[in-house]
Amino acid sequence: MFMVDIAGVRFSPDICIIESTYGVQLHQPRNVREKRFRDVIHSTISQGGCVLIPAFALGRAQELLLILDEYWSNHPELHNIPIYYASPLAKRCTAVYQTYINSMNERIRNQFANSNPFDFKHISPLKSIENFNNVGPSVVMASPNGFQSGLSRQLFEMWCSDKKNACVIPGYVVEGTLAKTIINEPKEVTLMNGLIAPLNMQVHYISFSAHADFAQTSTFLKELMPPNIILVHGEANEMGRLKQKLITQFADHNTKIISPKNCQSVEMYFNSEKMAKTIGRLAEKTPEVSETVSSLLVKKAFTYQIMAPDDLHVFSQLSTANISQRITIAYTGAFGVLKHRLKQIFESVESLPDEESEGPAFRVHERLTVKYESEKHISLHWRSDPISDMVSDSVVALVLNISCEIPKVVVESEEATKTEEENNKKAEKVIHALLVSLFGDVKFGENGKLVISVDGNVAHLDKQSGNVESENEGLKERVRVAFQRIQNAMKPIPPSES
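Criteria and thresholds
Residues numbered from 1 in each chain as written. Predicted model: local features only at pLDDT ≥ 70, side-chain atom pairs only at ≥ 80, totals over all residues. Heavy atoms only, no water. Axes fitted to C-alpha atoms, helices over the stretch in contact; angles between N-to-C directions. Helix = DSSP H or I, 4+ residues; strand = E, 2+ residues; numbered from the N terminus. Parallel < 35°, antiparallel > 145°, perpendicular 65-115°, else oblique. Left-handed = near helix turned anticlockwise from the far one by under 90°. Contact = heavy atoms within 4.5 Å. Pairing = 2+ DSSP bridges. Core = buried A, V, L, I, M, F, W, Y, C linked by side-chain atoms within 4.5 Å. Buried < 20%, exposed > 50% of the residue type's maximum accessible area, 1.4 Å probe, protein only. Salt bridge = Lys/Arg side-chain N within 4 Å of Asp/Glu carboxyl O. 1 Å grid on protein atoms, 1.4 Å probe; cavity = no way out; pocket = protein on both sides within 12 Å on 5 of 7 lines; lining within 4 Å. Points joined across faces, edges and corners; volume = space filled by probe spheres on them. Nonpolar A, V, L, I, M, F, W, Y, C, P; charged D, E, K, R; others polar. Polar contact = N/O pair within 3.5 Å; in protein donor to acceptor, adjacent residues only side chain to side chain. Phe/Tyr/Trp six-rings, centres within 6.5 Å; stacked < 30°, edge-to-face > 60°. Expected span 1.5 Å × (residues − 1).

Engineer: For this particular structure, what's the right way to read the packing of helix H7 (residues 214-224) against helix H8 (residues 236-249)?
Structural biologist: Between two packed helices, both the angle of their axes relative to each other and the distance between the axes serve to describe the pair. Put simply, H7 and H8 touch, their axes get as near as 12 Å, and they point 40 degrees apart. Comparing their axes, H8 and H7 come out oblique. Considering how the two elements wind past one another, H7 and H8 form a crossing that is right-handed. Residues Phe214, Ser218, Leu221 and Lys222 of H7 pack against Leu242, Lys245, Leu246 and Gln249 of H8.

Okay, structure coming up:
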């Protein structure tokens with residue numbers, strides 16, 4: 001059984017997602033393919049023909065250019081036959097290959113001791129069809145690889161009618177492209193201008209694709225033996241043939257093989273059992289049935305351990321810590337009033353001795369201490385944990401609410417009144433704009449009310465009270481909730497008066 005090793009843990013995968021590009025096809029050995037490639041090119045140019053190689057700009061192009069440049073170097077009789085690669089992107093990619101020689105295989109690194117193998121001696125770049133001298137035999141590698149358009153398509157239309165020429169397709173081609181069509185050697189092809197031309201040139205399919213063939217795919221799956229296989233990255237027919245072949249091969253292993261269509265989701269369910277070991281002082285005594293145990297669950301890599309908090313630093317590199325929090329709040333009311341209001345909310349509000357707290361103080365819910373600091377401030381002290389944090393939030397909210405309820409005498413100047421009127425006008429404009437963005441048709445009605453129309457239903461909104469009148473209950477509730485949220489967003493906390 002093939003095992004995957006991650007973080008020192010070995011396991012067998014439950015699902016294998018694998019490509020099905022070549023289906024049940026088998027690649028020839030690499031040396032056989034290279035020999036066929038060289039022989040086709042040599043025989044074609046010996047007859048005075050031209051060779052067109054449609055290829056991707058990255059990867060396949062540099063691989064084939066290395067083969068051609070090495071072959072030309074070993075055959076002086078071919079030195080007068082030009083080789084071109086017609087792809088600006090391939091030129092830029094080749095510069096990357098020239099730079100990062102140390103990332104190549106051992107053979108390329110050894111050649112670099114004499115010269116850079118990607119500094120081609122017999123190959124030249126070709127910018128456009130206008131710069132190409134179509135006289136005599138030549139070898140041109142051009143993109144795109146499917147003859148959809150571009151220079152490869154232009155050269156193909158120039159050479160396809162001459163039987164002395166040849167086209168070598170060096171990799172996988174997508175269904176529906178011209179390259180896929182000419183593999184079957186039709187008698188005629190359709191040109192880009194719509195005319196029909198005879199296909200007399202030789203077409204050779206010699207795959208240098210990096211995608212796995214059936215032998216590689218099946219060998220890998222036999223080593224892995226996953227219970228679930230999902231086939232992706234393949235044409236529907238090839239994927240279907242591969243699925244049937246794998247079903248036959250794995251018939252005795254209860255293997256589930258899925259070949260989803262594009263954008264089709266696959267759902268799989270697994271019952272995973274995780275075991276946690278109890279260590280430290282918790283392991284000294286076996287707990288009784290239904291007994292509650294207070295402990296920590298620690299996960300390291302793929303192992304789980306249960307231990308007491310005091311043992312954390314012993315059995316792991318972690319340690320426990322306590323966070324003490326303190327907040328000071330403005331409060332000018334009577335300290336006894338605050339205690340009285342807190343008793344109405346919490347069950348436990350106990351006064352603390354002055355010697356212990358250095359001043360008036362009381363403890364809320366046995367978790368939070370409220371201290372009197374001065375006539376204008378109080379402070380809250382607590383040790384942080386989820387419950388204590390919630391208690392502190394509740395006390396802070398209560399203190400702020402009490403501060404807003406304290407009556408105050410305010411003398412408003414004429415300028416302050418004017419500023420308030422301007423703010424109210426701005427607020428009305430913002431409310432109206434937000435309602436328009438939500439409902440569309442919002443108009444001013446009688447008595448300052450807003451008339452909101454949605455799909456023939458009408459609602460009347462009173463901006464002062466927030467009341468909504470409408471025969472449509474759904475629209476009525478939507479307008480009421482939207483107006484309430486807008487009000488809360490604009491005035492979340494009533495402004496304090498000074």
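Engineer: Could you clarify how one ought to interpret the sheet that holds strand S3 (residues 15-19) in this entry?
Structural biologist: Adjacent strands of a sheet pair through backbone hydrogen bonds, lying either parallel or antiparallel. Pairing is parallel in the open sheet, where 3 strands are placed in the order S3-S12-S13. Strands with a single pairing partner mark the edges of an open sheet, and in this sheet they are S3 and strand S13 (256-258). Taking each pair of neighbouring strands and ignoring which way they run, the sheet shows an average axis angle of 20 degrees. Where S3 meets strand S12 (residues 228-232), 5 bridges bridge the pair, whose relative direction is parallel. Within S12, the residue paired with isoleucine 15 across the bridge is asparagine 228. Packing of H7 onto the sheet brings it into contact with S3 and S12, and relative to S3 it is tilted by some 175 degrees. H8 rests against S3, S12 and S13 of the sheet, and its axis sits at about 160 degrees to S12.

Engineer: Just to check I follow, could you spell out the nonpolar core for this structure?
Structural biologist: If you look at soluble globular proteins, the nonpolar side chains tend to sit buried side by side. Counting 31 residues, the largest nonpolar core has Phe37, Ile53, Trp72 and Val139 as the members making the most contacts within it. Of all elements in the fold, only helix H1 (30-46), strand S4 (51-54), helix H2 (60-73), strand S5 (83-86) and strand S7 (139-142) reach the threshold of two or more residues within this core. With 8 residues, the top contributor of residues to this core is H2. Those residues in contact with phenylalanine 37, other than ones at most four positions away along the chain, are Ile53, Leu64, Ile67, Leu68, Val168, Ile206 and Phe208. The next biggest cluster of nonpolar side chains, apart from the first, holds 27 residues, and it includes Leu52, Phe132, Val140 and Leu151.

Engineer: Would you mind showing me how to read the pattern of salt bridges here?
Structural biologist: Proximity of charged atoms lets side chains of opposite charge pair with each other. On inspection of all chains with the given rule, the structure shows 12 salt bridges. Ionic pairing is found between glutamate 34 and arginine 30, a salt bridge with its closest N-O pair at 2.8 Å. Highlighted residues: glutamate 34 and arginine 30, both in helix H1, separated by 4 residues, approximately one helical turn. The partner of lysine 35 in a salt bridge is aspartate 39, with the nearest N and O atoms 2.8 Å apart. A residue pair is termed a helical-turn pair when its members lie 3 or 4 positions apart in one helix, as lysine 35 and aspartate 39 do in helix H1 at 4 residues. According to the relative accessible area criterion, lysine 35 is partly exposed, its value standing at 47%. Each of Arg30, Glu34, Arg38 and Glu63 takes part in salt bridges that share partners, so that together they form one network.

Engineer: Help me understand the layout of surface pockets in this model?
Structural biologist: Gaps left between atoms are located by rolling a probe of water-molecule size over the structure's atoms. Put simply, the largest pocket is a space of about 560 Å³. Of all the secondary-structure elements, those providing two or more residues to the lining of the largest pocket are H1, H2 and helix H4 (106-111). A per-element tally of the lining of the largest pocket places H2 first, with 8 residues. Partitioned by chemical class, the residues of the lining of the largest pocket number 8 nonpolar, 9 polar and 9 charged.

Engineer: How should the pairing of strand S23 (residues 450-454) be read in this particular structure?
Structural biologist: Where a strand is regular, its side chains alternate between the two sheet faces. In terms of residue burial, S23 counts as a mostly covered element, since 4 of its 5 residues are buried. Between strand S22 (residues 441-444) and S23, which follow one another and run antiparallel, lie 5 residues, and asparagine 447 among them has a positive phi close to 55 degrees. Relative to strand S24 (residues 457-461), S23 runs antiparallel, the two sharing 5 bridges. Within the sheet, the bridge partner assigned to serine 453 lies in S24 and is valine 458. Remark: 2 residues form the turn of the hairpin made by S23 and S24, two consecutive strands paired antiparallel; aspartate 455 in that turn has positive phi of roughly 55 degrees.

Engineer: Looking at this structure, I do not really get the sheet that holds strand S16 (residues 303-307). What am I missing?
Structural biologist: Across the sheet, 3 strands lie side by side as S14-S16-S15; this open sheet has mixed pairing. Two strands close off the open sheet at either side, each with one partner strand: strand S14 (276-278) and strand S15 (296-300). Mean inter-strand twist for the sheet, computed between neighbouring axes without regard to direction, equals 30 degrees.

Engineer: So what exactly am I meant to see when it comes to the side chain of asparagine 228 here?
Structural biologist: Structurally, asparagine 228 is set in strand S12. Reaching out from asparagine 228, the side chain makes a polar contact with the backbone oxygen of aspartate 14 at a distance of 3.2 Å. Apart from residues no more than four positions distant in its own chain, asparagine 228 is found in contact with Asp14, Ile15, Cys16, Lys256, Met268 and Phe270.

Engineer: Honestly, the environment of glutamine 249 in this entry has me stumped. Any pointers?
Structural biologist: Among the secondary structure elements, glutamine 249 is positioned in helix H8. Setting aside its immediate chain neighbours within four residues, glutamine 249 contacts Phe214, Ser218 and Lys222.

Engineer: Before we go on, may I ask you to explain the packing of aromatic side chains in this structure?
Structural biologist: Where two aromatic rings form a pair, the distance of their centres and the angle of their planes describe that pair. Using the criterion set out here, one finds 6 aromatic pairs in the structure. Taking 5.7 Å as the distance between ring centres and 85 degrees as the angle between the ring planes, the aromatic pair formed by tyrosine 22 and tyrosine 172 counts as edge-to-face. Here the residue tyrosine 22 occupies a position in the loop between S3 and H1, and tyrosine 172 occupies one in the loop between strand S8 (166-169) and helix H6 (178-183), the gap between them amounting to 150 residues. By relative accessible area, which is 2% here, tyrosine 22 ends up buried. Under the relative-accessibility criterion, tyrosine 172 is labelled partly exposed at 23%. Through pairs of rings, three or more aromatic residues link up here, namely Phe335, Phe362 and Tyr372.

Engineer: Can you help me understand the packing of H1 against H2 in this one?
Structural biologist: Packing of H1 against H2 brings their axes to within 11 Å, and their N-to-C directions diverge by 60 degrees. As judged from the angle between their axes, H1 and H2 are oblique. Along this stretch, H1 crosses H2, giving a crossing that reads as right-handed. In this structure, H1 contributes Arg30, Glu34, Phe37, Arg38, Ile41, His42 and Ile45 to the contact, and H2 contributes Glu63, Leu64, Ile67, Leu68, Tyr71 and Trp72.

Engineer: Would you mind showing me how to read H1 here?
Structural biologist: One full turn of an α-helix is made of 3.6 residues, so residues set three or four places apart face in the same direction. Taking 1.5 Å as the rise per residue, H1 with 17 residues should run 24 Å; its terminal C-alpha atoms sit 24 Å apart, in good agreement. Residues Arg33, Phe37, Val40, Ile41, His42, Thr44 and Ile45 constitute the buried set of H1. Those residues of H1 that are buried lie in contact with S4, H2, S7, S8 and strand S11 (202-205).

Limitation: the analysis is restricted to geometry and does not speak to function.
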